[in-house]
Amino acid sequence: MEVKIGVQHTPRELVLESAQSPAEVEQAVAEAMAKDSVLSLTDEKGRKVIIPIAKVAYVEIAESSNRPFGFTTR
């Protein structure tokens, strides 16, 4: 699953592929907002991304898309 996180005052967004379910990511965001703490997510390779919730502008949760690459015909 793909998670995009917009950070305030930053022109680029953070994008990570997560093995967590959409419900788990949503719960993590809600808990961080309720506690006014940090948002901590883990990507598919086990790396952690930790962001202060006060700096998060938005979180977009989407299914990963398998993009074709190379020379393909449709």
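Above this text sits the structure in question.
Computed from a prediction, not measured in an experiment: that's the story for all the values here. (Residues numbered from 1 in each chain as written. Predicted model: local features only at pLDDT ≥ 70, side-chain atom pairs only at ≥ 80, totals over all residues. Heavy atoms only, no water.)

A. Layout of the overall build of the chain. In terms of regular secondary structure, the chain is built from 1 helix and 5 strands. Walking the chain from its N terminus toward its C terminus, one meets helices and strands in the order β-β-α-β-β-β. The burial tally for the chain puts 24% of its 74 residues in the buried class. Residue pairs in contact within the chain that sit at least 24 positions apart in sequence constitute 49% of those at least 6 positions apart. Just so you have it, the chain exposes about 5,700 Å², and 53% of that area is on carbon and sulfur atoms. (Helix = DSSP H or I, 4+ residues; strand = E, 2+ residues; numbered from the N terminus. Buried < 20%, exposed > 50% of the residue type's maximum accessible area, 1.4 Å probe, protein only. Contact = heavy atoms within 4.5 Å. Areas by Shrake-Rupley, 256 points an atom, 1.4 Å probe, with all protein chains shown as cover.)

B. Quick peek at the pattern of salt bridges. What the rule picks out here adds up to 2 salt bridges. Here Glu-13 makes a salt bridge to Lys-4, at a shortest N to O gap of 4.0 Å. Among the residues examined, Glu-13 registers a relative accessible area of 32% and is labelled partly exposed. A salt bridge links Arg-47 to Asp-43, with the nearest nitrogen and oxygen atoms 2.9 Å apart. The class for Arg-47 is exposed, based on a relative accessible area of 51%. (Salt bridge = Lys/Arg side-chain N within 4 Å of Asp/Glu carboxyl O.)

Don't take any of this as a statement about function, it's just geometry.
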